[in-house]
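Structural features, examined
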Amino acid sequence: MNYQWNWSIFLQPTVVGDTTYLGWMFAGLQMTVMLSLSAWVLALLLGAVVGVLRTVPNKLLSGLATAYVELFRNIPLLVQLFIWYFVMPELVPQSLGDAYKQSHPVQQQFLAAMLCLALFTSARVAEQVRSGINSLPKGQKNAGLALGFTLPQVYRHVLLPMAFRLIVPPLTSEFLNIFKNSAVCSTIGLLELAAQGRQLVDYTAQPYESFIAVTVAYVAINVIVMTLMKLLEDKVRVPGYMGGK
Amino acid sequence: MIQISHVSKNYGTFDVLKDCSTTVSKGEVIVVCGPSGSGKSTLIKCVNGLEPFQSGEIIVNGTSVGDPKTNLSKLRAHVGMVFQNFELFPHMSITQNLAIAQVKVLGRKQDEAVDKGLKLLDRVGLKAHAHKFPGQLSGGQQQRVAIARALAMDPICMLFDEPTSALDPEMVNEVLDVMTELAQEGMTMMCVTHEMGFAKRVANRVIFMDHGRIVEDDSKEAFFANPRSERAQQFLAKILHH
């Protein structure tokens, strides 16, 4: 193989001259983290609500929640992204669509990408919240009700605190997934980490260095996420329950 | 205190309760027994509305349980219930288990609720365990905490749903002792249990159920000495054998 390794490429100024190539990488990393974290917060909130609704006795509410989950879970992420970015601005009321189209292109991309990732992930979070609630003994709900709690109080004080503890490990997977899935957003031109990597290849003709750097960055993000989630899991562990001491 | 009149309940075509009627007066201790699937647990859960029923009426302390306008949460706050599997809240300390409903349902202050909870915990002999979590206690201890938790709400009556069925044999008595003491203090109690020794000791009346019907509803003396139905005779012969 006749490849010229050149790691110092990252320290060279870009052709455009705005920063170094490492600076591009950092810009991409920043975008990936911002996009994924904001989408994750929204996904957790929406997923918790929808997951709870799937378990309530009211048939209409649980039916709507089920429809939500099936909709966002069964359409490929890439297709959803294109719908948010290309189709939605035409479907919403015209004033809203126009306002969207007149905003900064990066804002447009970011908004579409964030909503897409958030809603896609929220359907998966909802399923985990539901399974967490359903895996608790049925008597817990009755015990709460028998003490005079209303149904919302039973969820708030009895069911959800345990359900969320039980689903920390699968939620960790979803948290990791949202960072990896965010790479899809490069397809609408959002300059996140993967897109910056590809841009680097185009400008420097150093594909190995570029993609190794991108890989290392993704791994670093996910190692941090895993470590934090493990700390969280240990912190909320219940004494005398599930391996707690 | 509790009037159950002509209550029937079915799951589709399966009748769980058929025309059940009985009353429990203030201070009375009623033991409900019968074979598995006879509807005794369902009946007791109808009393505080945990199980809905299709026809008939249950009046608890002047409030109709089946009436859609009844605020069930308010009613349940004063009807204590103890479950087969204890159902303490595993993520809360024993103290918090005792206090939370007092604070969130009755609106008591946290300090006041904790004081009250600890007093009752002392009464069931577990004061030293206040800081622990339910998973760190034995089954018998958990059930005693569960009884204290129900008592902390100042209940007007207590419902027990097979409180000793999930316990190791050597822990049954510590729970029955607490229940006996409670009965002797004049608490109105409705207990689903197979503990016939307990029934003989403290019950005023025994209700025997089979296939969703109340087959016998008699004083304990009459029930144990001379059960009228053949089914109750068979049942007693089998469980009083040893």
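In what follows, the structure referred to is the one given above.
Note that the coordinates shown come from a computational prediction; the quantities given were computed from them, not determined experimentally. (Residues numbered from 1 in each chain as written. Chains lettered and ligands numbered in written order. Predicted model: local features only at pLDDT ≥ 70, side-chain atom pairs only at ≥ 80, totals over all residues. Heavy atoms only, no water.)

Counting from both sides, the interface comprises 23 residues of chain A and, opposite them, 24 residues of chain B. At the boundary of chain A with chain B, total buried surface from both sides reaches about 2,000 Å², with 67% on carbon and sulfur atoms. For the chain A face of the interface with chain B, the top three residues by lost area are Ala146, Leu147 and His157 of chain A, together amounting to 29%. Seen at the junction of chain A and chain B, the total is 0 salt bridges. Here chain A and chain B share 4 residue pairs in polar contact (both at pLDDT 80 or more) between them. If you list the elements that add at least two residues to the side of chain A that touches chain B, you get helix H6 (138-146) and helix H7 (151-166) of chain A. Counting residues per element, the side of chain A that touches chain B draws most heavily on H6 of chain A, which supplies 7 residues. Of the residues in the side of chain A that touches chain B, the class split is 12 nonpolar, 9 polar and 2 charged. (Contact = heavy atoms within 4.5 Å. Buried area = accessible area lost by both parts, 1.4 Å probe. Salt bridge = Lys/Arg side-chain N within 4 Å of Asp/Glu carboxyl O. Polar contact = N/O pair within 3.5 Å; in protein donor to acceptor, adjacent residues only side chain to side chain. Helix = DSSP H or I, 4+ residues; strand = E, 2+ residues; numbered from the N terminus. Nonpolar A, V, L, I, M, F, W, Y, C, P; charged D, E, K, R; others polar.)

All names here are of chain B. In terms of strand pairing, strand E1 (residues 2-11) meets strand E2 (residues 14-24) through 7 bridges, oriented antiparallel. Paired with Lys9 across the two strands is Leu17, which belongs to E2. Counting the residues in the hairpin turn of E1 and E2 gives 2 residues, including Gly12, whose phi is positive at 65°. (Pairing = 2+ DSSP bridges.)

This brings us to the sheet that holds strand E5 (residues 63-64) of chain B. Each strand in a sheet pairs with another by means of backbone hydrogen bonds, the pair being arranged parallel or else antiparallel. All names here are of chain B. Taken in spatial order, the 4 strands line up as E2-E1-E4-E5 in an open sheet, and their pairing is antiparallel. This sheet does not close on itself; its edge strands, each paired only once, are E2 and E5. Where strand E4 (residues 55-60) and E5 come together, 2 bridges link them in antiparallel fashion. By the bridge assignment, Val60 is partnered in E5 with Thr63.

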